[in-house]
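# A closer look at the structure
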Amino acid sequence: MDTKAFKRSLNHSDKYFRQGFGHGEEVAGQMQTEYNSGLIQEIRDRQYTLTRGNVTIKLAQSFGFCWGVERAVAMAYETRQHFPTERIWITNEIIHNPSVNQRLKDMAVEFIEVVDGEKDFSTVGQGDVVILPAFGASVQEMQLLNDKGCTIVDTTCPWVSKVWNTVEKHKKRDHTSIIHGKYNHEETVATSSFAGKYLVVLNLDQANYVADYILNGGDRAEFMAKFDNACSAGFDPDTDLDRIGVANQTTMLKGETEQIGKLFEHTILKKYGPQALNDHFLSFNTICDATQERQDAMFELVDEKLDLMVVIGGYNSSNTTHLQEIAIDRHIPSYHIDSASRIGPGNRIEHKPLHGDLTVTENWLPDGPITVGVTSGASTPDRSVEETIGHIFAIKADMAVV
Ligand SMILES: C/C(=C\COP(=O)(O)OP(=O)(O)O)CO
Ligand code: SF4
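From a predicted model like this one, the values you see are computed outputs, not experimental measurements.

### Digging into the layout of surface pockets
- Its boundaries defined by the atoms lining it, the largest pocket holds a volume of some 450 Å³.
- Lining the largest pocket are 23 residues; nearest its centre among them are Lys 182, Thr 321, His 322, Glu 325 and His 355.
- Ranked by the residues each element gives to the lining of the largest pocket, the list is headed by helix H14 (residues 318-329), at five residues.
- Class assignment of the residues belonging to the lining of the largest pocket gives a composition of six nonpolar, twelve polar and five charged.

### Digging into the site of ligand 2
- Near ligand 2 you find Cys 66, Gly 68, Cys 157, Trp 159, Val 160, Thr 250, Thr 251, Cys 288, Ala 290 and Thr 291, and these make up its full shell.
- Mapped onto the shell around ligand 2, the elements with two or more residues apiece are helix H7 (158-172) and helix H13 (289-301).
- In the shell around ligand 2, the residues fall into six nonpolar, four polar and no charged.

### Notes on H14
- Compared with the 16 Å implied by 1.5 Å per residue over twelve residues, the 16 Å span of H14 between its first and last C-alpha is a close match.
- Of all the residues in H14, the buried ones are Ser 318, Asn 319, Thr 320, Thr 321, His 322, Leu 323, Gln 324, Ile 326 and Ala 327.
- If you follow the buried residues of H14, they end up packed against H13, strand S14 (308-312), strand S15 (334-337) and strand S18 (370-376).
- His 331, located one to two residues past H14, shows a positive phi value of around 60 degrees.

### Here we look at the sheet that holds S14
- Here five strands make up an open sheet; going across it, the order is S2-S3-S18-S14-S15 and the pairing mixed. With partners counted over all chains shown, the strands left at the sheet margins are strand S2 (49-52) and S15, one partner each. On average, adjacent strands in this sheet sit at an angle of 20 degrees to one another, irrespective of strand direction.
- Bridging between S2 and strand S3 (residues 55-59) involves four bridges; their strand directions are antiparallel. When the bridges of S3 are listed, Leu 50 appears paired with Ile 57.

### Some words on the UniProt feature "binding site: isopentenyl diphosphate" (unreviewed entry) in the protein chain
- UniProt's feature table lists "binding site: isopentenyl diphosphate" (unreviewed entry) at His 96, His 185, Ser 317, Ser 318, Asn 319 and Ser 379, given in the numbering used throughout. Filtering the just-named annotated residues for those lining the largest pocket gives His 96, His 185, Ser 317 and Ser 318.
- Note on placement: His 185 falls in the loop between strand S10 (176-180) and helix H8 (186-194).
- Residues in contact with His 185, not counting those within four places in the same chain, are His 96, Phe 135, Gln 249 and Ser 318.
- As for its placement among the helices and strands, Ser 379 is situated in the loop between S18 and helix H15 (382-401).
- Apart from the residues lying within four places of it in its own chain, the contact partners of Ser 379 are Phe 65, Val 69, Ile 95, His 96, Asn 97 and Ser 317.

### Some points on the site of ligand 1
- Around ligand 1 there are 14 residues in total, and His 96, Ser 317, Ser 318, Asn 319 and Ser 379 lie nearest to it.
- Here an oxygen atom of ligand 1 and a side-chain polar atom of Thr 251 are 2.9 Å apart.
- In the complex, 95% of the free accessible area of ligand 1, which totals 380 Å², lies under the protein chains.
- Its residues assigned to classes, the shell around ligand 1 shows four nonpolar, nine polar and one charged.

### Comments concerning the UniProt feature "binding site: [4Fe-4S] cluster" (unreviewed entry) in the protein chain
- When the UniProt feature table is mapped onto this chain numbering, "binding site: [4Fe-4S] cluster" (unreviewed entry) sits at Cys 66, Cys 157 and Cys 288. Of the residues just listed, which span 223 residues, no C-alpha pair is farther apart than 10.3 Å, and they cluster in one region.
- In this fold, Cys 66 is placed in the loop between S3 and helix H4 (67-82).
- Residue Cys 66 is classed as buried on the basis of its relative accessible area, which comes to 13%.
- In this structure Cys 66 touches Ala 290, Arg 294 and Ala 378, once residues within four positions along its chain are discounted.
- Tracing the backbone shows Cys 157 in the loop between strand S9 (151-154) and H7.
- A relative accessible area of 10% means that Cys 157 is categorised as buried.
- Those residues within four positions of Cys 157 in sequence are excluded, and the remaining contacts are Trp 67, Gly 68, Arg 71 and Ala 134.

### What about the pairing of strand S8 (residues 129-132)?
- Every second residue of S8 is oriented toward a common face, with Val 129 and Ile 131 on one face and Val 130 and Leu 132 on the other, all of them buried.
- In the sheet, strand S4 (residues 88-90) pairs with S8 via three bridges, with the strands oriented parallel. Pairing of Ile 88 across the sheet is with Val 129, part of S8.
- Where S8 meets S9, four bridges bridge the pair, whose relative direction is parallel. Pairing of Val 129 across the sheet is with Thr 151, part of S9.

Scoring rules and cut-offs
Residues numbered from 1 in each chain as written. Chains lettered and ligands numbered in written order. Predicted model: local features only at pLDDT ≥ 70, side-chain atom pairs only at ≥ 80, totals over all residues. Heavy atoms only, no water. 1 Å grid on protein atoms, 1.4 Å probe; cavity = no way out; pocket = protein on both sides within 12 Å on 5 of 7 lines; lining within 4 Å. Points joined across faces, edges and corners; volume = space filled by probe spheres on them. Helix = DSSP H or I, 4+ residues; strand = E, 2+ residues; numbered from the N terminus. Nonpolar A, V, L, I, M, F, W, Y, C, P; charged D, E, K, R; others polar. Near = heavy atom within 4 Å. Expected span 1.5 Å × (residues − 1). Buried < 20%, exposed > 50% of the residue type's maximum accessible area, 1.4 Å probe, protein only. Contact = heavy atoms within 4.5 Å. Pairing = 2+ DSSP bridges. Axes fitted to C-alpha atoms, helices over the stretch in contact; angles between N-to-C directions. UniProt positions renumbered as here; feature names shortened; annotations may be inferred. Polar contact = N/O pair within 3.5 Å; in protein donor to acceptor, adjacent residues only side chain to side chain. Areas by Shrake-Rupley, 256 points an atom, 1.4 Å probe, with all protein chains shown as cover.

This is the structure:
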């Protein structure tokens, strides 16, 4: 399939929308009411620090809704307003936050059902409206919906589309795209659908394995078993790693993406020499600014003296999980929660350890004066952060009374 030509024709369709419908002001007011927080604004105004009783809260200097998330959620709200009676679908979660997705369900936006691991589009009718989430959608899904004659509202973040353009460039020059990401994450599924040949590497360990294979060869069967599901159909590591380009899922750990890019550049340099580098290696910076800023702010926060950290965001949120990783790396006791309702009753928290299952910890807030670092992922409303901080203050106030 000529994915570029298809996208071009979609752009010209009068049933394809990539912008709001002129209800921006109204929707901004609605979102402000539902997601913003006076307390968080107050903490921002006080240099990101607030002390009440014996608790000091230190907020990261960049956290919460990014531009792409605000834009996507606003477009979904506008879609509901613009098509008040039509059936509206969304192909996935709009972003990885349970309360925001629930809000769309409350507005009668229906989520495409997954049956036996496959999305079932049979229920989507010709006159229906379909929202594509902030992560985008695979080109095959777009084609299917277009063929059905649906109205498509595409909320894909432009930073994500930028990565699609990058893999298109790799494809044009017959380079294999090495994508730093999670192969089954919605964004990476979409990105890889625009690529020609591709291989998805999760982390530096996997990248090192691939780099070693490029230089020294290795066990082909082992390679294929390792990257089963994470490469294009018919991928052959013995012939398809001669010319490579690097791209990433926009919300991976920034430092790791940079290291992976350098690793492959050095690998190709070693194998083909400096003269041939440009014929065998392509690199474009596709790290999104919002990811970068939130991770940089987290690195600053963990340099402060903290007793513990609370990281708020969906459990399937890649960028939130990476913020949690930074705290763990610094050996700071860190609790990842997806909503403030995970706290309580009493001094109790239900949280998700990195790579672990939901766990309950009793007496998670220690006695005496404490400093708590707080941050939230790019898909977390400030309201959730406010509620979390409110619970922390309340528990500590109760402990002081006893
Ligand atoms: C939509 C989006 C980022 C917003 O945060 P999310 O938490 O929704 O997504 P992710 O971190 O990629 O799992 C894709 O860049
Ligand atoms: S994290 Fe970056 S790429 Fe993702 S939605 Fe936000 S701005 Fe867009």
